[in-house]
Amino acid sequence: MTDPNVELKLQLKSEARQAVLRADPTEVPRLVLIGIDGPSQYLMGLFAPMSLLLINTYFITVTNRSVYVHRGPRLRNRPENLLHVIPLAQADGLVTRVKRGNAWNALYLQFPGNAKPTRLNISFHLGDEMDRFLKKFPEGAVHA
């Protein structure tokens, strides 16, 4: 029997790849990172049912040419809204800060047009994907 969390993660990643291909069929999705915004996961745990109204799910997909940022609407974590398409050549400084934790990691991303970085909470279950993402976009790095 397979783990339902693993199945859901694979399904969400597949949906994120499909969303990118709907936007541009010539792209080649290589990596999908899933995170949620909002306050600390520990605070959200205190207000569990109400916290669902405070969060959005973000899907960061790195392709051969760009970084696609989709957001899922509250209460339905699917990559429905395309927020940004950032060419890789312009993705310098995308990651401004990383905070590692035991259960959740915080990744701060500076999206174009936003005054402040967006905090994304990344589950430790997605640690491998986050590490692969950080190899492409190290914290505060400027790529030549």
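Look up a bit, the structure's there.
Attention here is on the structure that accompanies the text.

Below, the discussion takes up the overall build of the chain. Helix and strand counts for the chain come out as 4 helices and 7 strands. Counting from the amino terminus, helix and strand elements in the chain follow one another as α-β-α-α-β-β-β-β-β-β-α. Scored against the burial criterion, the 144 residues of the chain give a buried share of 43%. At a minimum sequence separation of 6, the contacts of the chain that also span at least 24 residues come to 49%.

Compared with an ideal rise of 1.5 Å per residue, which puts 20 residues at 28 Å, helix H1 (residues 4-23) spans 29 Å between its outermost C-alpha atoms and is within 8% of the ideal. Considered for burial, the residues of H1 that qualify are Leu 12, Lys 13, Glu 15, Ala 16, Ala 19 and Val 20. Projected down its long axis, H1 carries its buried residues within an arc of 160 degrees, all on one side. Exposed side of H1, more than 90 degrees from the buried face: Pro 4, Leu 10 and Arg 22 are the residues found there. In the core, the buried residues of H1 are packed alongside strand S1 (31-36), strand S2 (57-62), strand S3 (66-72) and helix H4 (127-136).

Cut-offs applied
Residues numbered from 1 in each chain as written. Predicted model: local features only at pLDDT ≥ 70, side-chain atom pairs only at ≥ 80, totals over all residues. Heavy atoms only, no water. Helix = DSSP H or I, 4+ residues; strand = E, 2+ residues; numbered from the N terminus. Buried < 20%, exposed > 50% of the residue type's maximum accessible area, 1.4 Å probe, protein only. Contact = heavy atoms within 4.5 Å. Expected span 1.5 Å × (residues − 1). Arc of directions from axis to C-beta.

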